[in-house]
Amino acid sequence: MNPVTNGALKSKKTSKKPEYSRFTQQELPAWKPILTPGWVITSFLAIAFLFIPIGLVSLFASERVVEIVYRYDQDCVPEMYRGNVSAYIRNSLTNKTCIGNITVPKKMDPPIFVYYQLDNFYQNHRRYVKSRSDKQLRSAAYESSTKECEPEARFNKSGDPVPIVPCGLIAWSLFNDTYNLIKKDKVLNINKKGIAWKSDTKVKFGSNVYPKNFQSNDLIGGGKLNESIPLSKQEDLIVWMRTAALPTFRKLYGKINTSLEAHDTITVVLENNYNTYSFGGQKKLVLSTTSWIGGKNDFLGIAYLTVGGICLFMALNFILLYVFKPRPLGDPSYLSWNRKAVN
Amino acid sequence: MAKGITAKLLRSSLYTLTNIRTKPSYKKEAAATEELSGYPRVININQPAVPDDTQQPPIFCTNYVSTTKYTLFNFLPIALFEQFNRVANFYFLVAAGLTFTDYAPFDWPSQVVPLALVVGFSLAKELYEDLQRHWQDMTANCQKAAVHVKNGGFETKQWREVCVGDIVKVKKDEFFPADLLLLQSSYEDGMSYVETMNLDGETNLKVKRALQNLSLPAAVDDDKASHFSDFLATIRCENPNSNLYTFTGNLEYNGHIYPLDPAQLLLRDSKLRNTEFVYGVVVFTGNDTKVMQNTTQSPSKRSEIELQMDKIIYLLFGLLIFISIVSASGFGLAVRNTIRSWWYLVPEIPGEDFDINNFVASGLRHLVTALMLYGYLVPISLYVSIEAVKILQARFINNDLHLYDEVTGVPANARTSNLNEQLGQVDTILSDKTGTLTCNQMDFLKCSIAGCPYGKRPSEVELAAAKQMAAQDESSDGSLSDSSSLEAITVTDDGNINKKASSIKGFSFQDDRLEHTNWLKEPNSDVILLFFRILAVCHSAIPEISEKTGELTYEAESPDEGAFLVAAREFGFQFIKRTQNSVVVKERLKKDQEPVEKEYSILTLLDFTSKRKRMSVILRDESGQLLMFCKGADTIIFDRLASNGKTYLEATTKNLNDYGEAGLRTLALAYKKLEEKEYSDWHEKFHNAQISSGSNREELLEELSDEMERGLTLVGATAVEDKLQNGVPECIDRLALAGLKIWVLTGDKMETAINIGFSCSLLRQGMKQLCIVVSAEMLAEAAKDVVKENILSQITTSMQSIQNKKEPHAAFALIIDGKTLTYALEDDMKFKFLNLAVNCASVICCRVSPKQKALVVRLVKEGTGRTTLGIGDGANDVGMIKEADIGIGISGVEGMQAVMASDFSIAQFRFLERLLIVHGHWCYKRISKMICYFFYKNITLALTLFYFEAETGFSGQMHYDDWYMLLYNVFLTSCPVLALGVLEKDICAEFCLQFPALYQQGPKNLFFDWYRIIGWLANGVYASFVIYLVNIRIFSPESFRKEGQTADMYVIGTAMFTSIIWVVNVQIFLVSHYLTSVQLHTIWGSIVVWYLIVYIYGLMPVQWSAGNIYQQLPEVLGPAYKFYLSTVFVTILCNLPYLIHISYQRCYNPEDHHVLQEMKNMKKDVTDRKMWKREQVKATQETEIGLSARVDARMRMKGKTTRKYSSLAYSSS
């Protein structure tokens, strides 16, 4: 072999040598945490000491929230219709007005939120969730974009199918019970503005989109809409259109900006329009204040306390084990070959 | 060294002298099948390119060789088909197709994009790998060959342009471009020598012989003009087949028909040696060549873990189908019973989703939807992630500087990345010998002359054992005993035993008593003289003068012989010339005198065969004395000694035993003086026998040789070291300590194999050798049943002796030869054989054919169900390499067949240790952790979908945005798990090597057993449950923030998804032990990226997105404290059981790597050396092979407590 090719070969050979880098040699510096008893105990204690206060504070916050739940679906059906509720609720001529009383258990500071709560209502059903046209809601230009809205997409206006605005089952089944609260003969003003998310009123519901042909089919679902008010202002619709995750859900109806004293009796004058009777759903009126965690919810606090407690217990457990049955770190007698020998 | 051929391996000039044995048996076969006109393949020599219009032109394939899997056109269809052959991928393909229908619970991108990414990645990988194969083919196809064009001129062409019928000229040390029919060689009689190492791994040269009587003009080495311009002949021969050793056909030339046999066939990929040039006609090209016919498409291998992973995937599919059926029946029932009253759905109008009048159809339709919805249970990106991880792992193997061989400049190469983790689960290693364990280089190391041992340099085995013993002593605080008389090692006075100081290849002898003519002063100098003479004369080699240096080298038929000649030269007996019937030796008989040339006329040469195990020459020296020199296996020679020739027998036997234990190959040398009369009588008979043509000629010759080779006088014995590759004994020892079983499968003869067994410490003194052998006579005479009966009884008795073993440390070694193995591998016996073999500490199979190697591997693989690893370097190992679960090729030496067939290639056997114990261990742990985690994270996600769906009346609604689902597997959770799979280490490389017992975690599959898998699946179920319930309960139904709003479906969805992201990322943090900045960044990065995605996606104009989460993070969730509280709580609660589990386990039931991690952390390896060493020694599997076992055995035998160490161990280490 002549020296030239030899040299070439040699350089070729050296180029095959892998280059050194800490990465390729798998020698990157690394954090190798070892779960020593110290770490174990510390972390369990840390979780405990973090969670127990959070749990207490949450429970306390939840305690401070005053919540009044008034179920009215049963009581608001007149005696005579109890046997045939659907005849009552479906008939537009029957008197739906219903009056009830609720008592304020504790002082409620404004803002007091008024909710309606429905039960066994599957707003999360796939057919229901799909049945809306975001485009149409957003802009008048997409008025006839109702493909997704079946079966409430078009109204057959004398042989000519015209688009319904807002189309779809969600809008069509709009909740339409109304509440009036009277405290000592004085009507409590329920503010129904500002209950929807800003992004909805500003962007997702167009200010130039007006209801059209709504509830004009033979089949009438829920509430009707004022055709002179653009969708972006119809906040009750907007709230309704955000479908709830579970069949039991609460939606914001309005806000009261006056405080209610303990033991106040409030008369509720409501229009019981909405049909939950055919599927056996309950209807409730809820008045609630909020704290930083929102509405009344003991679960959060209790959960935090429980887990905090478990961690505290585990920490104690490990401390005791450590004291009474310690395993020295790196004790070779725990290596499998040594243990085998012992056995 | 195949015997039939070895006999032929003699210089062309010697041919007439020793042409005792003629045509081998295949001649008969050829004659039997000789129907001259019946050969299907017709080749017209020298008119390759002439298309014959009148006849059907013979269509032969071109010499273009392609080993690629795909071609340009079939790549896409075949590769895609293979992709979708995977059940998971097929499922996703169907699901992706269905997303365009109304059945789909989500939009098409969330199903199609991940699938496209996954499949695209796999295709790219396939393409890349196939391109590499293509480039390799191209280099082979573009090699140059000299092809006859016209008028006798030769032109250089590329291999791929060579056609059938071409006349090709191949020069010395070139490879044959195709299967050639030898026409002429530079030797007058048409002999040529061929090295077939690439084909069968044998390094000795084979003789090929051109047709006699062809009466071609004398061959001239002239590329411009030769006599082939008008050479027209026709070859009729058999069709291409894969049998390397058969070939029949005939050649029609000048009106004569000459029969052809394999001796004329030069096979592609073998090499021309010791012959200036040959001319040959191309008979088979390209894929028709024997070597290509022998290469089968390597089966795609999959690792155990992947097979088990498939089972998990089936399990998940089962779960998927189960919950889909639950969901579908739930939906069906809802349609039948309740939905009727849900007026807000307008149930009277049948839609694509349901029809209240036909709840069964609705349920079935929903089944399709559900199957797609819960498809997230099956991780779509799992295969691709694993592939990506494995490619990176393979790169680590390729780039490991510890696996790089400085000498040859060859790094390790993971040729497939499929099997990385399988490296960590190997149970049995089946190794080739020559080229793998040994270098196939013999070193003359010691000798015993007149009963006196010479040669002070220790063999590698002795050295290694001494080192081992010293190390063991260091660690055993002196309680273990001595090794004062450590083997037979004697240390040279100055303690200088720099073993590799000697630069003479083949000669490592060191003993002043014999060197530099000092032997003249020895008491038995006349015997020593005779000894040297026998070395210099009794052989069949020829000297060759190197053109460059002018040095004499020897072309010998076996490397032993070469070593003897080198040794003789170094002792002053330089063999310089061989003529037709004489040998010339330059002898230095006085210290300061010029060497004198002495010519010995060789009268008869009785050559070496593996059956005879001896060779002799009868010669007349210058004084006219007739002598016979004989060398051969000690047992054979000892049987033939004259009663007065046994003077040194006892002492020599003792020396031979020592040499055997030291792993050396021994031969005994003897001579006898002959009377003229005695010889001439014998010679007459011998000559008559030689020229006779009776059928019993062979036997007659055998008898006569036997008669002559009796009454010998023993002179001495030689001990040659079959040089092991660097570090082989140590490596075998470490592997044995790691609990691996090592079998040696070699084509070599039994003695050699046993020798190597000793030198690799696979065998040792005190180990019972169970030889299962059937004598040649029996094979020849007895019926098959009888032979099998015999073998069976041998196996049974061997088995009994194992079962009845008395001492606890009794070890057994099984040695079996190829012929016997043929029977032992038959179906009715193989499991008995296997049972015996697995009960033996070491197994050595000798004289096995390539096919048998593969069969043995298959037997072990299927019989034991354990992982097998085949390692070899030659083409004869290809079958074994392909058959084994993991095939490893030794690269660096010539011949790439083994490497091409292998899954991994390394330059030296010793790298196997690191490859298995470090890389294998790591990859096993990484992949198993990774797969478990993968299933966990997908179950966690998918089951939350199921719970939610149950709450939507099983209608198939999702509470996550489509994009979350799309990003989850391919983006949000993929990086940390990739980082885990690539970088995780439970313990560092040094510890892996120091504590070989840790390797057993792999073969025992402690980290991917069903307990662990089910545990992880359960963890996933638990996590999904907690995530769902807690989030639902925290966010619903009351207001979730101070401003009084309630949460809608997508708010809860996002909150839940945030919890999932946190939970799975914290989980992987807890799983990791080795957190480099890469892992930390990917883990925290994933979490941060998640928030960024929600934020940025929420900012996107509603026209672009579905609008479900428009402004959600800044407006809705961001200001709500509950959002954060729920995340923190769920994250902790989901990981709490795992945390408690690992805390408890580590504190009270730690695994080995836990303790070692702690030791490392406390730097105990530095502060407490004594303990550290002690534990290292203990951290081994019980083994009966390897140096350590040898040392143990020796210790047991000694049982003394004196402590005296040879300084050897220290000075050499």
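- Per an unreviewed UniProt entry, chain B goes by Phospholipid-transporting ATPase and derives from Helianthus annuus.
- The annotation that UniProt attaches to chain B under Sequence similarities (unreviewed entry) is "Belongs to the cation transport ATPase (P-type) (TC 3.A.3) family. Type IV subfamily."
- On record in UniProt, under Cofactor (unreviewed entry), the comment for chain B is "Mg(2+)".

## Details of unusual backbone geometry
At step 1: That bond from A:Pro110 to A:Pro111 is cis: its omega, -5°, falls within 30 degrees of zero.
At step 2: Secondary-structure assignment places A:Pro111 in the loop between β3 (97-103) and β4 (112-118).
At step 3: Looking along the chain, the bond that leaves B:Ser1036 and enters B:Pro1037 is cis, with omega of 0°.
At step 4: Mapping B:Pro1037 onto the fold places it in the loop between α31 (1010-1035) and α32 (1049-1071).
At step 5: For B:Asp173, which is not a glycine, the phi torsion comes out positive at approximately 65°.
At step 6: Looking at the element boundaries, B:Asp173 is found in the loop between β4 (167-171) and β5 (179-185).
At step 7: Judged by its relative accessible area of 41%, B:Asp173 is partly exposed.

## Digging into helix α9 (residues 298-324) of chain A
At step 1: An ideal rise of 1.5 Å per residue puts 39 Å on 27 residues; α9(A) measures up with 38 Å between its terminal C-alpha atoms.
At step 2: Within α9(A), burial applies to A:Leu300, A:Gly301, A:Ala303, A:Tyr304, A:Val307, A:Gly308, A:Cys311, A:Met314, A:Ala315 and A:Phe318.
At step 3: Where α9(A) is buried, its residues contact α2 (37-64) of chain A together with α31 and α35 (1121-1148) of chain B.
At step 4: Capping the start of α9(A), A:Asn297 holds a side-chain oxygen 2.9 Å from the backbone nitrogen of A:Phe299, two or three residues further along.

## Here's the deal with the pairing of strand β29 (residues 812-817) of chain B
All names here are of chain B.
At step 1: Within β29, six of the six residues are buried, which leaves it mostly tucked inside the rest of the structure.
At step 2: Taken together, the five bridges between strand β28 (residues 768-772) and β29 define a ladder with parallel strand orientation. In the strand pairing of β29, leucine 770 is matched with leucine 814.
At step 3: Inspection of the sheet shows β29 paired to strand β30 (residues 842-846) by five bridges, in the parallel sense. Opposite isoleucine 815, over in β30, you have isoleucine 844 as the bridge partner.

## Comments concerning the interface of chain A and chain B
At step 1: Each partner contributes to the interface: chain A provides 98 residues, whereas chain B provides 114 residues.
At step 2: Where chain A abuts chain B, roughly 9400 Å² becomes buried across the two surfaces, and 63% of that area is made up of carbon and sulfur atoms.
At step 3: For the salt bridge of A:Arg327 with B:Glu1158, the shortest nitrogen-to-oxygen distance reads 2.7 Å.
At step 4: At eleven residues, the largest contribution of residues to the side of chain A that touches chain B is made by α9(A).
At step 5: In terms of residue class, the side of chain A that touches chain B is made up of 55 nonpolar, 23 polar and 20 charged.

## Focus: the state of the cysteines
At step 1: Under the criterion given, the structure shown has two disulfides over all chains.
At step 2: Put simply, A:Cys76 and A:Cys98 are joined by a disulfide, and their sulfur atoms are 1.9 Å apart. Handedness of the A:Cys76-A:Cys98 disulfide follows from its S-S torsion of about -65°: it is left-handed. Residue A:Cys76 is located in the loop between β2 (67-71) and α3 (85-90), and its partner A:Cys98 is located in strand β3; the two are separated by 22 residues in the primary sequence.
At step 3: Disulfide pairing is shown between A:Cys149 and A:Cys167; the S-S distance is 1.9 Å. Of this pair, A:Cys149 sits in the loop between α5 (134-138) and β5 (154-157) while A:Cys167 sits in the loop between β6 (160-163) and α6 (169-172); the two residues are 18 residues apart in sequence, bridging distant segments of the chain. Residue A:Cys149 shares its accessibility class with A:Cys167, and that shared class is buried.
At step 4: Disulfide partners in chain A, listed by the sequence order of the bonded cysteines, are 1-2, 3-4.
At step 5: Lacking any disulfide linkage, B:Cys760 is separated from the closest cysteine sulfur, that of B:Cys731, by 10.0 Å.
At step 6: By relative accessible area, B:Cys760 is classed as buried at 0%.
At step 7: Lacking any disulfide linkage, B:Cys975 is separated from the closest cysteine sulfur, that of B:Cys923, by 20 Å.

## Thoughts on the packing of α31(B) against α32(B)
Residues and elements named next belong to chain B.
At step 1: Contact geometry of α31 with α32 gives a least axis separation of 10 Å together with a crossing angle of 145°. Crossing angle aside, the handedness with which α31 passes α32 is right-handed. Residues Trp1016, Asn1019, Ala1023, Ile1027, Tyr1028, Asn1031, Ile1032 and Phe1035 of α31 lie in contact with α32, whose contacting residues are Ile1052, Ala1055, Met1056, Ser1059, Ile1060, Val1063, Gln1067 and Val1071.
At step 2: Looking at the contact of α31 with α32 residue by residue, the class counts come to twelve nonpolar, four polar and no charged.

## Some details on the packing of aromatic side chains
At step 1: Enumeration according to the criterion identifies 67 aromatic pairs over all chains in this entry.
At step 2: Seen from their ring centres, A:Trp240 and A:Phe249 are 6.1 Å apart, and the 55° between their planes marks the pair as tilted.
At step 3: When its relative accessible area of 0% is taken as the criterion, A:Trp240 is described as buried.
At step 4: Exposure remark for A:Phe249: the relative accessible area of 3% places this residue in the buried category.
At step 5: The interplanar angle of 15° and the centroid separation of 4.7 Å between the aromatic rings of B:Trp682 and B:Phe686 together place this pair among those described as stacked. Here B:Trp682 pairs with B:Phe686, and both are found in helix α16 (residues 676-691), just four residues apart, close to one helical turn.
At step 6: B:Trp682 sits in the buried class, given a relative accessible area of 3%.
At step 7: Judged by relative accessible area, B:Phe686 falls into the buried class, the value being 2%.

## Observations concerning the packing of helix α10 (residues 382-399) of chain B against helix α27 (residues 911-951) of chain B
Residues and elements named next belong to chain B.
At step 1: At a closest axis distance of 11 Å, the pairing of α10 and α27 adopts a crossing angle of 160°. Between α10 and α27, the angle is such that the two are roughly antiparallel. You can see that α10 and α27 cross each other, and the crossing is right-handed. Residues Leu382, Ser385, Ile386, Val389, Lys390, Gln393, Phe396 and Ile397 of α10 lie in contact with α27, whose contacting residues are Leu915, His919, Cys923, Arg926, Ile927, Met930, Ile931, Phe934 and Phe935.

## Digging into helix α19 (residues 750-759) of chain B
All names here are of chain B.
At step 1: Within α19, nine of the ten residues are buried, leaving the element largely enclosed by the surrounding structure.
At step 2: Along α19, the residues classified as buried are Met750, Thr752, Ala753, Ile754, Asn755, Ile756, Gly757, Phe758 and Ser759.
At step 3: Just downstream of α19 lies serine 761, where phi reads positive at about 65°.

## Quick notes on the sheet that holds β5(B)
All names here are of chain B.
At step 1: Spatial ordering of the open sheet is given by β3-β2-β4-β13-β5-β11, a layout of six strands whose pairing is antiparallel. The sheet terminates laterally at β3 (154-158) and β11 (265-266), the two strands that pair on one side only.
At step 2: For β5 and β11, the ladder comprises two bridges, and the chain directions are antiparallel. Directly across from leucine 181, in β11, lies its bridge partner leucine 265.

## A few points about the nonpolar core
At step 1: Core analysis: the largest hydrophobic core is formed by 213 residues, its most contacted members being A:Leu181, A:Trp240, A:Leu287 and B:Phe1057.
At step 2: For this core, the element with the most residues is α27(B), which contributes 17 residues.
At step 3: If you look at the next biggest cluster of nonpolar residues, it comprises 70 residues, including B:Cys760, B:Ile886, B:Ile906 and B:Ile1185.

## A closer look at the domain arrangement of chain B
Where interface size is quoted, it is often the accessible area lost as the parts come together.
All names here are of chain B.
At step 1: Under the domain assignment used here, chain B contains domain 1 (162-294), domain 2 (427-437 + 727-884), domain 3 (441-470 + 504-602 + 630-671 + 712-721), domain 4 (918-1036 + 1046-1161) and domain 5 (1162-1191).
At step 2: A separation of 41 Å is found between the C-alpha centroids of domain 3 and domain 5.
At step 3: On the side of domain 5, four residues touch domain 3, which itself brings six residues to the contact.
At step 4: Summing both sides of the interface, domain 3 and domain 5 together bury roughly 510 Å²; the carbon and sulfur share of this comes to 68%.
At step 5: Across the domain 3-domain 5 interface, the total number found is zero salt bridges.
At step 6: Inspection of the region where domain 3 meets domain 5 yields zero residue pairs in polar contact (both at pLDDT 80 or more).

## Comments concerning the environment of A:Leu219
At step 1: Looking at where A:Leu219 falls in the secondary structure, it is placed in the loop between α7 (198-204) and α8 (235-241).
At step 2: Counting along the chain gives 47 residues from A:Leu219 to A:Trp172, while the straight-line C-alpha distance between them is 9.7 Å.
At step 3: When near neighbours in sequence (up to four residues on either side) are disregarded, A:Leu219 contacts A:Trp172, B:Val346 and B:Glu348.

## Describing empty space enclosed by the protein
At step 1: Enumeration over the complete set of coordinates arrives at seven cavities of 30 Å³ or more.
At step 2: Estimated volume of the largest cavity: approximately 200 Å³.
At step 3: Residue lining of the largest cavity: 23 residues in total, with A:Arg250, A:Lys251, B:Thr1046, B:Ala1047 and B:Asp1048 positioned closest to the centre.
At step 4: Where the lining of the largest cavity is concerned, the elements lending two or more residues are α8 and β10 (249-256) of chain A.
At step 5: Of the residues forming the lining of the largest cavity, the biggest block, four residues, is contributed by β10(A).
At step 6: In terms of residue class, the lining of the largest cavity is built from 14 nonpolar, four polar and five charged.
At step 7: A volume near 90 Å³ is recorded for the second largest cavity.
At step 8: Contributing to the lining of the second largest cavity are A:Arg126, A:Lys130, B:Asp102, B:Tyr103, B:Phe331, B:Glu352, B:Asp353, B:Arg365, B:His366, B:Thr369 and B:Ser955.
At step 9: Residue assignment for the lining of the second largest cavity shows that the elements contributing at least two residues are α4 (126-130) of chain A together with α9 (359-373) of chain B.
At step 10: For the lining of the second largest cavity, the leading source of residues is α9(B), giving three residues.
At step 11: Residue classes in the lining of the second largest cavity are distributed as two nonpolar, three polar and six charged.

About the criteria used
Residues numbered from 1 in each chain as written. Chains lettered and ligands numbered in written order. Predicted model: local features only at pLDDT ≥ 70, side-chain atom pairs only at ≥ 80, totals over all residues. Heavy atoms only, no water. UniProt positions renumbered as here; feature names shortened; annotations may be inferred. Helix = DSSP H or I, 4+ residues; strand = E, 2+ residues; numbered from the N terminus. Buried < 20%, exposed > 50% of the residue type's maximum accessible area, 1.4 Å probe, protein only. Expected span 1.5 Å × (residues − 1). Contact = heavy atoms within 4.5 Å. Polar contact = N/O pair within 3.5 Å; in protein donor to acceptor, adjacent residues only side chain to side chain. Pairing = 2+ DSSP bridges. Buried area = accessible area lost by both parts, 1.4 Å probe. Salt bridge = Lys/Arg side-chain N within 4 Å of Asp/Glu carboxyl O. Nonpolar A, V, L, I, M, F, W, Y, C, P; charged D, E, K, R; others polar. Disulfide = S-S within 2.5 Å. Axes fitted to C-alpha atoms, helices over the stretch in contact; angles between N-to-C directions. Left-handed = near helix turned anticlockwise from the far one by under 90°. Phe/Tyr/Trp six-rings, centres within 6.5 Å; stacked < 30°, edge-to-face > 60°. Parallel < 35°, antiparallel > 145°, perpendicular 65-115°, else oblique. Core = buried A, V, L, I, M, F, W, Y, C linked by side-chain atoms within 4.5 Å. Domains from an automatic or database assignment. 1 Å grid on protein atoms, 1.4 Å probe; cavity = no way out; pocket = protein on both sides within 12 Å on 5 of 7 lines; lining within 4 Å. Points joined across faces, edges and corners; volume = space filled by probe spheres on them.

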